[in-house]
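Residue-level structure breakdown
Each chain is listed here by its residues.
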Amino acid sequence: MGRPEPDEPSSSSSSAAEEGGEGSPHSIVVARRIQRLTLHLMSPANLQLEASTCASVGGGGGRASGKKVVLSTADLNGSLGDYMRGRHRDLQERVYDYFIRQRPELRIPIEVSMEQHRELCMRQLSGLVREAGIRPFRYLLEEPDKYLAIVEAAGSFDLSLGVKIGVQYSLWGGAVINLGTKKHKDKYYEGIDNLDYLGCFAMTELHHGSNVQGLQTVATFDPITDEFVIDTPNDGAIKWWIGNAAVHGKFAAVFARLMLPTHDSKEVSDMGVHAFIVPIRDFKTHEVFPGVEIHDCGHKIGLNGVDNGALRFRSVRIPRDNLLNRFGDVSRDGKYSSNLPSVNKRFAATLGELVGGRVVIASASVGVLKVSSTIAIRYSLLRQQFGPPRQPEVSILDYQSQQHKLMPMLASTYAFHFVTLHLVDKYSEMKKTNDDQIVADVHALSAGLKAYVTSYTAKSLSVCREACGGHGYAAVNRFGELRNDHDIFQTFEGDNTVLLQQVAADLLKQYQEKFRGGTLAVTWNYLRESMSSYLSQPNPVTARWEGEDHLRDPKFQLDAFRYRTSRLLQTVATRLRKHSKTLGSFGAWNRCLNHLLTLAESHVESVILARFIHAVESCPDGNSRAALKLVCDVYALDRIWKDIGTYRNVDYVAPNKAKAIHKLVEYLSYQVRNIAKGLVDAFDLPDYVTRAPIAMQSEAYAQYTQHVGF
């Protein structure tokens, strides 16, 4: 082997001897520990990693081959970067070129008022579309992966810009195209594309956000004038947090209850929530139309480049053709028609067409995590504090505590990168084929990943700030901006807690299908085998295996993840049946809610790990594949260790094995530290994208001091 590492685990399946050996003199044990600590703190110029690679990585079986592949950070810069780089880097480079070289004055300064930020954000969007000729809307339907690449690049300069693009094209434009018919596309497509028709997505109300079926805004059909009359019946129905409404929007896609007159005592019939195109401002004067009342939601925690407003409607009349009628239509004589038989099915179809927003949010959140982890890791490699006596200070990333904070996070960033690429591919396939099974798969996958990834990123932003000490608190180093702007990602496009409940509900539905002999959707296929595995007792022999080869075997890791999910699923199903008898279905669900959320997160983690393992096996370059295998092992074993109580409670993991997992996570995190620079460089984020002085790849301290005037 190369230079020794601290606490290197045994590669055999037998128990490793305790440090110093049983009966060794105390002084020998202490000396060995001091020696290992010193080695741990030493950071040679050319860091190397000896990575044990599993045979499965090279296309063989599941157990480790024992072959050692020596990696240096230099080995990763080109090959791994090529593997990680997006397929549409050329489009992103056009975005970068516009803001860096052509229009650098459009950058958002550190100190900016809400009004200035909104104006700059609008100029950014207008310039990107009208000057640079980049038209995101044209990719949204046919090539959504290109659309997402543009949004990611724009958001790397200012998340407000990325969100404003999403409001204009994914939400307002997506509502018109996905919920409307040919007549709406013919009339509105070009104006939405070229920004003449700036619009809003008016769904959320003051009293209702997640519960869209509870919306109170009404659209009553008037058969005499052939119009819908839009009304806000009470203050709770005021449309709230509507992007583009406060300043720039000219139209709104308003979600309201469609009311049809009847000839009985009911007077009107509620046909459920539908979407309507409502003009809100005059094209020439930009004055608000009569009957429309708009107020500014004001300064927010973040994303202040987006002009969120509140809308109230007082008998606003719109033509019947302004009903977005893909899933339900009203004839001239006031008769309702739909190819979907119930209000619930129409509602599900309507919301289902808006799933793209969750795909965008999940992908954008990974982009934020890449930026923040890159800043924190580059700074941690640069920053030096303390060291062995009479020796130079060492990088703070050489400290185990810093590795514990940042290396599993780096591993998770890689895991999220690969699983969101998979999500984008599945979403693109869904838009092209409209295959029912793929649609169901994307709905579940996008809900789970949006919730899981954004929650993880939100927590990680605080960890990154703290890992950079006092310099992480400087606004110029961006953690505050990123944290504040990203925070709402956990709420819009579906509250994370609500989305995880949707995942749990889908799991329970699939659980029932399994025992009925039905077909499982693609995402849930593993349940068929893992549920059978759960119903048998854990193997007492494998529960004690603690060798490195076994713990780094992807089959062991994935089996452990799936066993946990299956166990949680079976136990929560039992609890729900029990509590339903006394509490009813709603009460039982609420009694088991935390259990259900844990189940959903466990399932999402299983999907993430499966995609990460697939990405490792698919990597064509040997050095990059070995590095990815190492990072994947850190992701998998760290997650197992964080939930070790679950595995211990059912004796899936014996005490000695739990200890071995903990030690191996620390050891592999140390190895990841040795190639951390190459791993973050593979994200291919130039200095003009990260924009934090402490993360600059040359003269970081000089640029930092220049910023404050030295």
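These numbers come from a predicted model, not from an experiment. (Residues numbered from 1 in each chain as written. Predicted model: local features only at pLDDT ≥ 70, side-chain atom pairs only at ≥ 80, totals over all residues. Heavy atoms only, no water.)

Concerning the overall build of the protein chain
- Counting its secondary structure elements, the protein chain contains 24 helices and 13 strands.
- In the protein chain, which comprises 710 residues, the share counted as buried stands at 56%.
- Counting only contacts in the protein chain whose residues sit at least 6 apart along the sequence, the fraction spanning at least 24 positions is 74%.
- As displayed, the protein chain has an accessible area near 29,800 Å², and 51% of this comes from carbon and sulfur atoms. (Helix = DSSP H or I, 4+ residues; strand = E, 2+ residues; numbered from the N terminus. Buried < 20%, exposed > 50% of the residue type's maximum accessible area, 1.4 Å probe, protein only. Contact = heavy atoms within 4.5 Å. Areas by Shrake-Rupley, 256 points an atom, 1.4 Å probe, with all protein chains shown as cover.)

With respect to the layout of surface pockets
- In this structure, the second largest pocket spans a volume of roughly 830 Å³.
- Lining of the second largest pocket is provided by 37 residues; of these, I108, P109, I110, A475 and E481 occupy positions nearest its centre.
- Looking at the lining of the second largest pocket, the elements that each hand over two or more residues are α4 (114-131), α13 (479-487) and α23 (687-690).
- At five residues, the largest contribution of residues to the lining of the second largest pocket is made by α13.
- Among the residues making up the lining of the second largest pocket, the classes are represented as 16 nonpolar, 10 polar and 11 charged. (1 Å grid on protein atoms, 1.4 Å probe; cavity = no way out; pocket = protein on both sides within 12 Å on 5 of 7 lines; lining within 4 Å. Points joined across faces, edges and corners; volume = space filled by probe spheres on them. Nonpolar A, V, L, I, M, F, W, Y, C, P; charged D, E, K, R; others polar.)

Examining empty space enclosed by the protein
- Overall, the coordinates contain four cavities of 30 Å³ or more when judged by the stated rule.
- The computed volume of the largest cavity comes to approximately 140 Å³.
- Contributions of two or more residues to the lining of the largest cavity are made by α6 (144-157), α7 (159-179), α10 (356-382) and α11 (400-433).
- For the lining of the largest cavity, the per-class residue count stands at nine nonpolar, five polar and two charged.

What about the pairing of strand β4 (residues 218-222)?
- Among the five residues that make up β4, four are buried, leaving the element largely enclosed by the rest of the structure.
- Across five bridges, β4 lies against strand β5 (residues 227-231) in antiparallel orientation. Paired with T220 across the strands is V229, a residue of β5. (Pairing = 2+ DSSP bridges.)

Some remarks on the pairing of β5
- Remark: four residues form the turn of the hairpin made by β4 and β5, two consecutive strands paired antiparallel; D226 in that turn has positive phi of roughly 60°.
- Judged from the four bridges that link them, β5 and strand β11 (residues 316-319) form a sheet pairing that is antiparallel. Within the sheet, the bridge partner assigned to E227 lies in β11 and is P319.

Some details on the confidence of the model for the protein chain
- Taken residue by residue, the protein chain gives an average pLDDT of 87. The fraction at 70 or more is 85%.
- Across residues 1-5, confidence stays below pLDDT 50; counting only partners more than four residues off in sequence or on other chains, it has 15 contacts.
- Predicted confidence is poor over residues 32-69, with pLDDT under 50, and the contacts of this stretch with residues over four places away or in other chains come to 89 contacts. (pLDDT = per-residue confidence, 0-100.)

Digging into the pattern of salt bridges
- Counted by the stated rule, this structure contains 39 salt bridges.
- Where R85 meets D82, a salt bridge forms, and the shortest distance between an N and an O atom there is 2.9 Å.
- The partner of R87 in a salt bridge is D425, and the shortest N-O contact between them spans 2.7 Å. Of this pair, R87 sits in the loop between α2 (79-84) and α3 (89-102) while D425 sits in helix α11; the two residues are 338 residues apart in sequence, bridging distant segments of the chain.
- Classification of R87 by relative accessible area gives exposed; the value is 56%. (Salt bridge = Lys/Arg side-chain N within 4 Å of Asp/Glu carboxyl O.)

So, the packing of α11 against helix α18 (residues 593-618)
- Put simply, α11 and α18 touch, their axes get as near as 8 Å, and they point 90° apart. With respect to their mutual orientation, α11 and α18 come out roughly perpendicular. Residues A411, Y414, A415, F416, F418, V419 and H422 of α11 touch α18, and the partners they reach there are V607, I608, R611, F612 and A615.
- Split into classes, the residues belonging to the contact of α11 with α18 amount to 10 nonpolar, one polar and one charged. (Axes fitted to C-alpha atoms, helices over the stretch in contact; angles between N-to-C directions. Parallel < 35°, antiparallel > 145°, perpendicular 65-115°, else oblique.)

A closer look at the sheet that holds strand β6 (residues 239-242)
- Pairing within the open sheet is antiparallel, and its three strands lie in the order β6-β10-β9. Of all strands in the sheet, those with a lone pairing partner are β6 and β9 (292-296), marking the two edges. When the angles between neighbouring strand axes are averaged without regard to direction, this sheet yields 25°.
- The pairing of β6 with strand β10 (residues 309-313) spans two bridges and is classified as antiparallel. Paired with K239 across the bridge in β10 is L311.

Concerning the packing of helix α19 (residues 622-642) against helix α21 (residues 655-674)
- Relative to each other, α19 and α21 sit at 145°, their axes nearing to 9 Å. When you trace α19 past α21, the crossing you get is left-handed. In this structure, α19 contributes L630, V631, D633, V634, L637, D638, I640 and W641 to the contact, and α21 contributes A658, I661, H662, L664, V665, L668, S669, Q671 and V672.
- Grouping the constituent residues of the contact of α19 with α21 by class yields 12 nonpolar, three polar and two charged. (Left-handed = near helix turned anticlockwise from the far one by under 90°.)

Observations regarding unusual backbone geometry
- Backbone geometry places D226, a non-glycine residue, at a positive phi of 60°.
- Tracing the backbone through its elements, the reader meets D226 in the loop between β4 and β5.

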